[in-house]
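Residues per chain are reported as follows:
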There are 2 protein chains.
Amino acid sequence: MEKSILSIQSHVSHGFVGNRAATFPLQILGWDVDVVNTVNFANHSGYRRRAGDGTKSTGEQLEVIFNGMNQNGLLEPSRLLTGYIPNGGCGAAVLNLARDLRGKTENLIYLLDPVLGDNGALYVAADMIPLYRALLSTATIITPNWFELETLVGFQLDSLSALRKALEMLHTEYRVPHVVISSLPITKQRATWLPTSLTSLSKPLTEGITWAEEGLLCIASSRLDSSSTSEVYTMAIPQIKGYFSGVGDLFSAMVLGHYYPEDRSTNPLARAVCNAVRTTHAILRKTAIASARVPGASRDGYTDDELDAADVDRRPRRMKARELRLIGSIDIISTAGKSALKEDDGFEQMQPWRDFWTG
Amino acid sequence: MEKSILSIQSHVSHGFVGNRAATFPLQILGWDVDVVNTVNFANHSGYRRRAGDGTKSTGEQLEVIFNGMNQNGLLEPSRLLTGYIPNGGCGAAVLNLARDLRGKTENLIYLLDPVLGDNGALYVAADMIPLYRALLSTATIITPNWFELETLVGFQLDSLSALRKALEMLHTEYRVPHVVISSLPITKQRATWLPTSLTSLSKPLTEGITWAEEGLLCIASSRLDSSSTSEVYTMAIPQIKGYFSGVGDLFSAMVLGHYYPEDRSTNPLARAVCNAVRTTHAILRKTAIASARVPGASRDGYTDDELDAADVDRRPRRMKARELRLIGSIDIISTAGKSALKEDDGFEQMQPWRDFWTG
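The shown structure was predicted, so the numbers you read here are calculated from the model rather than taken from an experiment.

Engineer: Mind showing me how you'd approach the pattern of salt bridges here?
Structural biologist: Where side chains of opposite charge bring their charged atoms close, a pairing between them can arise. One pass over the full model with this rule turns up ten salt bridges over all chains. Note that Arg317 of chain A is salt-bridged to Asp311 of chain A, the shortest N-O span being 3.1 Å. The residue Arg314 of chain B makes a salt bridge to Asp308 of chain B at a minimum N-O spacing of 2.6 Å. Asp308 of chain B matches Arg314 of chain B in its accessibility class, with the two residues each being buried. One salt-bridge network, in which partners are shared between bridges, spans Asp308, Arg314, Arg315 and Arg318 of chain A.

In structure tokens:
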């Protein structure tokens, strides 16, 4: 198998989001990554202070790149990965490309990360929502967070039946074979309808990390056969306090990089997601520990926003301190996080959620 | 020491030239590389066939990125690496940046690869020549090939005294502390004035490679003290037949990545250049062997141009087959090529050229 991925995401000169979070780890795993940049910025938007807007690609500019590659026989990836798409023009170019590749490449594996927003807020224009819905039918795997999933299906995930309805809609109406809900906060309300085994979290034996109260649920749902319901796997993940950028981009890249459908010794999606969770969590723990050492990074009892308001230089300093520590992490990446874990950390595998559809 | 490099070079979506050749290997070596792209193309120019021109950055666009980084405290690299600069506007922006960083960062190490052309032909506009001359005084290390060196100094390297004069001009007039001539073909004419030890080449014990008749001389010249002449080191390198893109970009990145001036156990520049030669040569051998396996890649007795003319699809196929095999080469890169060498291959170290200035 030729290990080639065409990755279409954002570029930042400093730090690790978009293609900068995806490329290096995939290259470590032996993937030959072709990199198309949808935007060209100095740094991610969390820094807030910007000298200008950098450059967002237009749809025409993306098409020039795709056509240039195609003319030279370079547009034949075995896999496609798409992330942040800045505008409808780029979205249309990506949709055309995804349809073309789906038509000409048998067994194309396309991981679509529908980057729409997080924590209840959209960070793309509203016209990207129908565009992502149109992209869904070309995808092999999608990796929405809970907010993106709610946005795509159009209703809130406030009950187990709503969660069932959302997965059913994606698998059946939008014909997505594999759905990964990357992070569903285990709120007190949700904890009442989740199996107890999912809400009792074991935290990795790592010193120097402040944990959030809520854990996160990761769900992998594979519909291997159109005549039956999907196989659902889950994993509860302890959540590190504070916001870190690029986590979803790294996670999605690692799901794709570890996905080997031909190996059916275990559920291929659940195996890939487990490897992606372990890798991402190990990088995050390393990042959290390193960032906590930066002077003035945290003061108990104050929120980041309060501390940022008192010191205008704090926010960029905090953002820089929280950039993912991908560099120097070849071992973590190449072992899918195992090099950074102790045996009893509870990240060994995802659990089948056997009565998801019937319970 | 914070291992940070700001790298300003070209971006291609497929293949490995410019930043795409420099970033991954430097990241493997543990360098946190900030990446500013001077152009955004589908592939390198050797493919010839292009759907459009892609996008070249303007000077203003580069300044937006630099200013954006600066406002967020992200423009404080310990090292700077520059390669292909597409136009005078970008050149002026890079010159301003290099002067600013030189002024504010004590001990800034700036490796300037004066990308002007190769094999006797310019591939930048002529107005880049004075711009590169202006950049020279801000550089710590420069890595011209023989053609770029001739272009910068304005005369041909047709005698040992011309070579001496060129190095003297760069060290004294342009005040460049460290000059690396990456590749000087050992022509029959030059072989008459080079020491015999440099012209008797041992070739690595690698099967499946076609060697060119001429070897290449690599020269590292460090002027550590303004009151004396430089220390000159050399290494003769067997040349692999055929043209491979991105070799100079990889070489320059590896010189910078392996340069540790504080370690004076051996000449720091000679050690870095030796590591860069070994890494680059090992990647090239791997690439040459892999590309020779591509069907129709070569036919004895015909030149590439003749074969390309008979089959319009051959050139892009050949270019693709000759992309540097950086992926899957973590061992080669992290051991500076030692993992791919046998003990008697003659790549152990550079030789001091003791009578260079007096002989």
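Next comes the rest of the account.
Engineer: I tried to follow the relation of the copies chain B and chain A on my own but got confused; where do I start?
Structural biologist: Each copy of the chain is related to the other by a rotation around an axis and a translation along that axis. Taken as rigid bodies, chain B and chain A are interconverted by a rotation of 180° and an axial shift of 0.0 Å, the fit giving an RMSD of 0.0 Å. The transformation relating the two chain copies, once decomposed into turn and shift, fits a two-fold axis. Proximity to the rotation axis, assessed at the C-alpha, singles out Phe24 of chain B in chain B; its C-alpha lies 3.3 Å from the axis. Of all interface residues in chain B, 100% are interface residues in chain A too; the two copies therefore contact each other through one and the same surface.

Engineer: I would appreciate a short explanation of the packing of aromatic side chains in the present structure.
Structural biologist: We describe a pair of aromatic rings using the distance from one ring centre to the other and the angle between the two ring planes. The full count for this structure, using the stated rule, is nine aromatic pairs over all chains. Relative to Trp357 of chain B, the ring of Phe356 of chain B has its centre 4.9 Å away and its plane inclined at 90°; by these criteria the two rings are edge-to-face. In this structure an aromatic cluster arises from ring pairing among Trp353, Phe356 and Trp357 of chain A. The side chain of Arg322 of chain A reaches across the aromatic face of Phe244 of chain A, ending 5.5 Å from its centre.

Engineer: Explanation requested: unusual backbone geometry in the structure shown.
Structural biologist: Here Arg175 of chain A, not a glycine, exhibits a phi torsion of approximately 55°, which is positive. Here Arg175 of chain A is to be found in the loop between helix 6 (160–173) and strand 9 (178–185). On the accessibility criterion, Arg175 of chain A (57% relative accessible area) is exposed. Its identity as a non-glycine residue notwithstanding, Asn119 of chain B has a phi of 50°, on the positive side.

Engineer: Explain the environment of Phe16 of chain B here, please?
Structural biologist: Looking at the element boundaries, Phe16 of chain B is found in the loop between strand 1 (4–12) and helix 1 (19–28). Remark: the alpha-carbon pair of Phe16 of chain B and Ile327 of chain B, spanning 311 residues in sequence, is separated by 10.0 Å. Those residues in contact with Phe16 of chain B that lie beyond four places of it in its chain are Gln27 and Asp32 of chain A together with Ala21, Ser245, Gly246, Glu323, Leu324, Leu326 and Ile327 of chain B.

Engineer: Can you help me understand helix 10 (residues 268–292) of chain A in this one?
Structural biologist: All names here are of chain A. In this model helix 10 runs 36 Å from its N-terminal to its C-terminal C-alpha over 25 residues, within 8% of the 36 Å that 1.5 Å per residue would give. When you tally the buried positions in helix 10, you get 22 out of 25 residues, the bulk of the element. Of the residues that open helix 10, the one with a side-chain oxygen 3.0 Å from the backbone nitrogen of Leu269 is Asn267.

Engineer: Is there a simple way to think about helix 5 (residues 146–153) of chain B in this case?
Structural biologist: Because an α-helix packs 3.6 residues into every turn, residues spaced three or four apart end up facing the same way. Residues and elements named next belong to chain B. Of all eight residues making up helix 5, eight are buried, and the element is well covered by its neighbours. What helix 5 keeps buried is the set Trp146, Phe147, Glu148, Leu149, Glu150, Thr151, Leu152 and Val153. In this structure, the buried side of helix 5 is in contact with strand 6 (117–118), strand 7 (121–122), helix 4 (128–136), helix 6 (160–173), strand 9 (178–185) and helix 7 (188–191). Between a side-chain oxygen at the N-terminus of helix 5 and the backbone nitrogen of Phe147 the separation is 3.1 Å; the capping residue is Asn145.

Engineer: Where do I start with the interface of chain B and chain A in this structure?
Structural biologist: Size of an interface: often given as the accessible area lost when the parts come together. At the junction of the two partners, chain B supplies 45 residues and chain A supplies 45 residues. Around 3600 Å² of area is buried between chain B and chain A when both sides are counted, 54% of it from carbon and sulfur atoms. The largest contributions to the chain B side of the interface with chain A come from Gln27, Asn72 and Leu74 of chain B, which together make up 16% of the buried area. Linking chain B with chain A are zero salt bridges. Connecting chain B to chain A are ten residue pairs in polar contact (both at pLDDT 80 or more). Element by element, the count of residues in the side of chain B that touches chain A is highest for strand 2 (residues 32–41) of chain B, at eight residues. Of the residues in the side of chain B that touches chain A, the class split is 19 nonpolar, 18 polar and eight charged.

Engineer: How should I be thinking about the UniProt feature "domain: Pyridoxamine kinase/Phosphomethylpyrimidine kinase" (unreviewed entry) in chain A in this particular structure?
Structural biologist: Using the residue numbers shown here, the UniProt feature "domain: Pyridoxamine kinase/Phosphomethylpyrimidine kinase" (unreviewed entry) corresponds to residues 104–186 of chain A. As annotated, residues 104–186 of chain A comprises 39% helix and 22% strand, and the C-alpha atoms at either end are separated by 41 Å.

Engineer: Is there a simple way to think about empty space enclosed by the protein in this case?
Structural biologist: Unfilled space is identified by rolling a water-sized probe across the atoms. Taken as a whole and assessed by the stated rule, the structure comprises seven cavities of 30 Å³ or more. Of the volumes computed, that of the largest cavity is approximately 240 Å³. As for the largest cavity, its lining consists of 16 residues, and the residues nearest its centre are Arg20, Thr23 and Val35 of chain A together with Arg20 and Thr23 of chain B. Going through the elements one at a time, helix 1 (19–28) and strand 2 (32–41) of chain A together with helix 1 and strand 2 of chain B are the ones with two or more residues in the lining of the largest cavity. Here the lining of the largest cavity is built from residues that sort into four nonpolar, ten polar and two charged.

Engineer: Please explain the packing of helix 3 (residues 88–104) of chain B against helix 4 of chain B as it appears in this structure.
Structural biologist: Packed helices, taken two at a time, are described by their axes: the angle between them and the distance between them. Residue and element names in this part refer to chain B. It is at 10 Å that the axes of helix 3 and helix 4 come closest, and there the two elements cross at 5°. Relative to helix 4, the element helix 3 lies roughly parallel. Residues Gly88, Gly91, Ala92, Val94, Leu95 and Ala98 of helix 3 pack against Met128, Leu131, Ala134 and Leu135 of helix 4. Taken together, the residues that form the contact of helix 3 with helix 4 break down as eight nonpolar, two polar and no charged.

Engineer: Would you mind going over the pairing of strand 2 of chain B with me for this structure?
Structural biologist: In summary, the side chains of a regular strand alternate between the two faces of the sheet. Residue and element names in this part refer to chain B. With eight of ten residues buried, strand 2 is to be regarded as a mostly interior element. A crossover connection joins strand 1 to the parallel strand 2 through helix 1; in handedness this β-α-β unit is right-handed. In this structure, strand 2 lies alongside strand 3 (residues 55–56), joined through two bridges in antiparallel fashion. Bridge assignment links Val39 to a residue of strand 3, and that residue is Lys56.

Engineer: What exactly am I supposed to notice about the sheet that holds strand 12 (residues 351–352) of chain A here?
Structural biologist: Adjacent strands of a sheet form backbone hydrogen bonds with each other and so pair up, either parallel or antiparallel. All names here are of chain A. Within the open sheet, the ten strands sit side by side as 3-2-1-4-5-8-9-10-11-12. Their pairing is mixed. With partners counted over all chains shown, the strands left at the sheet margins are strand 3 (55–56) and strand 12, one partner each. In terms of strand pairing, strand 8 (residues 141–142) meets strand 9 through two bridges, oriented parallel. Along strand 9, the bridge assignment pairs Ile141 with His178.

Engineer: I would appreciate a short explanation of the sheet that holds strand 8 (residues 141–142) of chain B in the present structure.
Structural biologist: All names here are of chain B. Within the open sheet, the ten strands sit side by side as 3-2-1-4-5-8-9-10-11-12. Their pairing is mixed. Each edge of the open sheet carries a strand with a single partner, namely strand 3 and strand 12 (351–352). Against the sheet, helix 1 engages strand 1, strand 2 and strand 4 (79–82), with an angle of about 145° to strand 1.

Reading the values: rules and limits
- Residues numbered from 1 in each chain as written.
- Chains lettered and ligands numbered in written order.
- Predicted model: local features only at pLDDT ≥ 70, side-chain atom pairs only at ≥ 80, totals over all residues.
- Heavy atoms only, no water.
- Salt bridge = Lys/Arg side-chain N within 4 Å of Asp/Glu carboxyl O.
- Buried < 20%, exposed > 50% of the residue type's maximum accessible area, 1.4 Å probe, protein only.
- Least-squares fit on C-alpha atoms with pLDDT ≥ 70 in both.
- Contact = heavy atoms within 4.5 Å.
- Phe/Tyr/Trp six-rings, centres within 6.5 Å; stacked < 30°, edge-to-face > 60°.
- Lys NZ or Arg CZ within 6 Å of the ring centre and 35° of its normal.
- Helix = DSSP H or I, 4+ residues; strand = E, 2+ residues; numbered from the N terminus.
- Expected span 1.5 Å × (residues − 1).
- Polar contact = N/O pair within 3.5 Å; in protein donor to acceptor, adjacent residues only side chain to side chain.
- Buried area = accessible area lost by both parts, 1.4 Å probe.
- Nonpolar A, V, L, I, M, F, W, Y, C, P; charged D, E, K, R; others polar.
- UniProt positions renumbered as here; feature names shortened; annotations may be inferred.
- 1 Å grid on protein atoms, 1.4 Å probe; cavity = no way out; pocket = protein on both sides within 12 Å on 5 of 7 lines; lining within 4 Å.
- Points joined across faces, edges and corners; volume = space filled by probe spheres on them.
- Axes fitted to C-alpha atoms, helices over the stretch in contact; angles between N-to-C directions.
- Parallel < 35°, antiparallel > 145°, perpendicular 65-115°, else oblique.
- Right-handed = clockwise from strand over helix to strand, strands pointing away.
- Pairing = 2+ DSSP bridges.

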